[in-house]
Amino acid sequence: MNGKNNMRNITIGIVTPCYNEELVLTETSAQLNEVISNLIKRNLISEKSFAVFVDDGSKDNTWSLIEQRTSKLNYIKGLKLAGNVGHQNALLAGLLTFKDEADALISIDAD
């Protein structure tokens, strides 16, 4: 089996903590969805791969945008925290919540 066939079996998850990110969320989610889709089409990652946006108690429309994006884009997920716990704790919540759904988790900022 060559390397490309092995890669197709690898599921990646991109974890993105969000706090008041309504201005960038639509573009960021569209770009991440497209990147994941293209990697899947090239047989480089599994179709189970995803990006998850972790709402860290945002006071703006971040969560409603995450919900909209999860219903419109194939590879986008959301996680809403009960309140603001800080960037690193929001990242940790995302990593711990999705650790069993991916072979590798990658963290990035929303902007």
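Below: a short report on this structure.

### Let's talk about the overall build of the protein
Step number 1: In terms of helices and strands, the protein carries four helices and four strands.
Step number 2: For the protein, the sequential pattern of α-helices and β-strands runs α-β-α-β-α-β-α-β.
Step number 3: Relative to the compact-globule value of 13 Å for 111 residues, the protein shows a C-alpha radius of gyration of 14 Å, a close match.
Step number 4: Principal axes of the C-alpha set define a box for the protein whose edges measure 50 × 25 × 20 Å.
Step number 5: Buried residues in the protein amount to 41% of all 111 residues.
Step number 6: Counted over contacts in the protein with a minimum sequence separation of 6, partners at least 24 positions apart contribute 79%.
Step number 7: Counting every atom, the protein has about 6,300 Å² of accessible surface; 48% of that belongs to carbon and sulfur.
Step number 8: The protein carries 11 positive and 14 negative side-chain charges, and their two centres are separated by 9 Å.

### Examining the pairing of strand β3 (residues 76–80)
Where a strand is regular, its side chains alternate between the two sheet faces.
Step number 1: Bridging between strand β2 (residues 50–55) and β3 involves five bridges; their strand directions are parallel. Residue pairing across strands places Ala51 opposite Ile76, the latter belonging to β3.
Step number 2: For the segment spanning β2, helix α3 (residues 62–72) and β3, crossover handedness is right-handed.

Analysis parameters
- Residues numbered from 1 in each chain as written.
- Predicted model: local features only at pLDDT ≥ 70, side-chain atom pairs only at ≥ 80, totals over all residues.
- Heavy atoms only, no water.
- Helix = DSSP H or I, 4+ residues; strand = E, 2+ residues; numbered from the N terminus.
- Rg over C-alpha atoms; globule rule 2.2 N^0.38 Å.
- Buried < 20%, exposed > 50% of the residue type's maximum accessible area, 1.4 Å probe, protein only.
- Contact = heavy atoms within 4.5 Å.
- Areas by Shrake-Rupley, 256 points an atom, 1.4 Å probe, with all protein chains shown as cover.
- Lys, Arg positive; Asp, Glu negative; His and termini not counted.
- Charge placed at Lys NZ, Arg CZ, Asp CG, Glu CD.
- Pairing = 2+ DSSP bridges.
- Right-handed = clockwise from strand over helix to strand, strands pointing away.

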